[in-house]
Amino acid sequence: VYLGEYRLYQNSEPLPRQKLDVEKVVVHPLYQFAPQADRYDLALLKLDKPATMMPHVSPICLPDPSSPTLEGVRSFVSGRGATDPDSYNRPKILQAVDVITINNTECEEWHMYQRTYTLYMFSDLVFCVDQLSPGLLASE
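Residues numbered from 1 in each chain as written. Predicted model: local features only at pLDDT ≥ 70, side-chain atom pairs only at ≥ 80, totals over all residues. Heavy atoms only, no water.

Participant: In this structure, what is going on with the overall build of the chain? I would like to understand it.
Facilitator: When its secondary structure is counted, the chain shows one helix and seven strands. Going from N to C terminus, the chain has its helices and strands arranged as β-β-β-β-β-β-α-β. Among the 140 residues that make up the chain, the fraction classed as buried is 13%. Taking the contacts inside the chain whose residues are at least 6 apart along the sequence as the reference set, 51% of them involve residues at least 24 apart. Of the roughly 11300 Å² of accessible surface on the chain, a fraction of 56% belongs to carbon and sulfur atoms. (Helix = DSSP H or I, 4+ residues; strand = E, 2+ residues; numbered from the N terminus. Buried < 20%, exposed > 50% of the residue type's maximum accessible area, 1.4 Å probe, protein only. Contact = heavy atoms within 4.5 Å. Areas by Shrake-Rupley, 256 points an atom, 1.4 Å probe, with all protein chains shown as cover.)

Below, the structure is given as structure tokens:
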């Protein structure tokens, strides 16, 4: 596995990446592969040796599942998820955006008004965010 990789399949990186071997993979027990795999898409990797912490390689912060998502919390989201809901293509460059959490009820009402709401969209696994940078959008 590569840590700190910004551009997939490229030999040159803005910051050094680390290549480590994986001893064990633990996939979330409720994960099911699907084209829009957006539930429980998380796995833990046991590395063969400790990673070297750097500005672009650090542990992630996960919210406490027993605590409600607070409104108005500034967060940072990154990944290589879909940037276009109508495309199966995924970016090769790591995407990132600053977001702030918003009220889930208001968010659900907005999606119902826009007719983008689906029965599975909102659950305990999802929280609504608003973009802090114009033109960028993220949800998880």
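After presenting the structure, the write-up continues.
Participant: Looking at this structure, how should I read the pattern of salt bridges?
Facilitator: Side chains carrying opposite charge are able to pair once their charged atoms draw close together. Considering all chains together, one arrives at three salt bridges under this definition. Between Glu5 and Arg17 there is a salt bridge whose closest N-O contact spans 2.6 Å. Note that Glu5 is positioned in the loop between β1 (2-3) and β2 (18-19) and Arg17 in the loop between β1 and β2, a separation of twelve residues in sequence. Residue classification places Glu5 among the buried residues on the basis of a relative accessible area of 15%. On the basis of relative accessible area, Arg17 is assigned to the partly exposed category, the value being 26%. (Salt bridge = Lys/Arg side-chain N within 4 Å of Asp/Glu carboxyl O.)

Participant: What is the right way to read the packing of aromatic side chains from this model?
Facilitator: The way to describe two aromatic rings as a pair is by their centre distance and the angle between their planes. What the rule picks out here adds up to zero aromatic pairs. The lysine or arginine in question, Arg17, covers the ring of Tyr2, its NZ or CZ lying 4.4 Å from the ring centre. (Phe/Tyr/Trp six-rings, centres within 6.5 Å; stacked < 30°, edge-to-face > 60°. Lys NZ or Arg CZ within 6 Å of the ring centre and 35° of its normal.)

Participant: Explain unusual backbone geometry here, please?
Facilitator: In terms of backbone geometry, most residues other than glycine have negative phi values and most peptide bonds are trans. Backbone geometry places Tyr9, a non-glycine residue, at a positive phi of 60°. Topologically, Tyr9 is positioned in the loop between β1 and β2. Judged by relative accessible area, Tyr9 falls into the exposed class, the value being 69%.

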